[in-house]
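Letter by letter, the chains look like this.
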Amino acid sequence: SKETKIDILVTPAVTIIVGVGCAMVLAPIFKTICDSLGTFIGWATNLQPFFMGIIISVVVGVVLTLPISSAAICAALGVILNLSGLAAGAATVGCCCNMLGFAVISYPDNGVGGLVAQGLGTSMLQVPNLMRKPILWIPPVLTSAILGPVATCIFQLRNNGAAISSGMGTAGLVGPIGIITGWSNMPEGYAVGAFDWL
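About the thresholds
- Numbers given for residues are sequential positions, taken from 1 along each chain in its written order.
- Reporting in this predicted model follows two pLDDT cut-offs: at least 70 for local features of residues, and 80 or more for side-chain atom pairs to be given and counted; totals over whole chains, interfaces and linings ignore these cut-offs and use all residues.
- Note that water and hydrogens are dropped before the side-chain values are worked out from all heavy atoms of the structure.
- Going along the chain from the N terminus, every DSSP run of H or I of four or more residues is numbered as a helix, and every run of E of two or more is numbered as a strand.
- Relative accessibility decides the category of a residue: with a 1.4 Å probe and only protein chains considered, values under 20% of the type maximum give buried, values over 50% give exposed, and everything between is partly exposed.
- Per-residue accessibility takes into account occlusion by the displayed protein chains alone, with areas from the Shrake-Rupley method and a 1.4 Å probe.
- Charge assignment in this entry is limited to Lys and Arg as positive and Asp and Glu as negative, and neither His nor the chain termini are counted.
- Throughout, a charge is located at the NZ atom of Lys, the CZ atom of Arg, the CG atom of Asp or the CD atom of Glu.
- The rule for a salt bridge is simple: a side-chain nitrogen of Lys or Arg has to be within 4 Å of a carboxyl oxygen of Asp or Glu.
- Remark: nonpolar core denotes a set of buried residues (Ala, Val, Leu, Ile, Met, Phe, Trp, Tyr, Cys) joined through side-chain atoms within 4.5 Å.
- Throughout, a contact is declared for two residues whenever any of their heavy atoms are within 4.5 Å.
- Under this definition, polar contacts are N or O atom pairs within 3.5 Å; protein pairs additionally need one hydrogen-donor-capable and one acceptor-capable atom, and for neighbouring residues in sequence, both atoms have to be side-chain atoms.

**Q** What is the right way to read the overall build of the chain from this model?
**A** Per the secondary structure count, the chain includes 9 helices and 0 strands. The order of α-helices and β-strands along the chain, N terminus first, is α-α-α-α-α-α-α-α-α. Viewed in the frame of its principal axes, the chain has a C-alpha envelope of about 75 × 40 × 30 Å. Per-residue burial over the chain gives 37% buried out of 198 residues. When the accessible surface of the chain is split by element, carbon and sulfur atoms take 74% of a total near 11000 Å². The average position of the 6 basic charges and that of the 6 acidic charges among the side chains of the chain differ by 9 Å.

See below:
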């Protein structure tokens, strides 16, 4: 860049060619990883609520923070496995734990702007820090592992909204909104009350 007079043509061309080449090589690998992850989450949805709550909450919460789309994975699982109910509730909790966990952990360094950016935006902002110091992941992951089964076993938290909302967490409050909009799809005889709002 900025070495010859034709850089204005060469630099974008090289960038596009290298990008397309990397995508052609890496896309099948990432597709296999995402398919395997979806299969694993699908397997976990059939476990009893306690273990299902731990596994789904932790896995989907971690995926949310990685530079891949937990919302897309949950949306695909919604089509393939009809991801809803307690499993989707556990996924929502895991995402919220990661987003709010990282927002609170980084508050001393990032202030209110960082709190809002991560708490209502995305915890992916922490990826560079996590690459340098993976130990930072321990508090949000432990919180997901604890609150996943609390949500499924004690509170019976169900996300019967759009499956994509279970992979969004507090991003734009999509996860909680998905829970509320899903109340119209609750099992027969279930009445939404003050405890659900709480």
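So that's the structure; there's more coming.
**Q** Would you mind going over the pattern of salt bridges with me for this structure?
**A** When their charged atoms lie close together, side chains carrying opposite charge are able to pair. Applying the stated rule across the entire model yields 1 salt bridge. Notably, a salt bridge pairs Asp 35 with Lys 31, separated by 2.6 Å at the nearest N-O pair. With Asp 35 and Lys 31 both in helix 1 (residues 7-44), this residue pair falls 4 residues apart, about one helical turn.

**Q** I would appreciate a short explanation of unusual backbone geometry in the present structure.
**A** When glycine is set aside, most residues are seen to have a negative phi, and most peptide bonds are trans. Although it is not a glycine, Gln 156 adopts a positive phi angle of roughly 50°. One non-glycine residue with positive phi stands out, namely Leu 173, at about 60°. Tracing the backbone through its elements, the reader meets Leu 173 in the loop between helix 7 (138-154) and helix 8 (174-181).

**Q** Can you walk me through the environment of Pro 139 in this structure?
**A** Locating Pro 139 in the fold gives a position in helix 7. On a C-alpha basis, the gap between Pro 139 and Gly 53 in space is 17 Å, while along the polypeptide they are 86 residues apart.

**Q** Help me understand the nonpolar core in this model?
**A** Grouped burial of nonpolar side chains is what soluble globular proteins tend to show. Core analysis: the biggest nonpolar cluster contains 21 residues, and Leu 37, Ile 41, Met 52, Ile 56, Val 60, Ile 73 and Leu 83 have the highest contact counts within it. Those elements that place two or more of their residues in this core are helix 1, helix 2 (49-65), helix 3 (70-80) and helix 4 (85-105). For this core, the leading source of residues is helix 4, giving 7 residues. With sequence-adjacent residues up to four places away left out, Ile 73 is seen in contact with Cys 34, Leu 37, Ile 41, Val 63 and Ile 68.

**Q** What exactly am I supposed to notice about the side chain of Gln 118 here?
**A** Among the secondary structure elements, Gln 118 is positioned in helix 5 (residues 107-119). We classify Gln 118 as buried; its relative accessible area is 3%. Only 2.7 Å separates the side chain of Gln 118 from the side chain of Ser 106, close enough to count as a polar contact. Here Gln 118 is in contact with Met 99, Phe 102, Ala 103, Ser 106, Asn 110, Ser 123, Leu 125 and Gln 126, once residues within four sequence places are set aside.

So, to be careful, I would describe these as geometric facts and stop short of saying anything about function.
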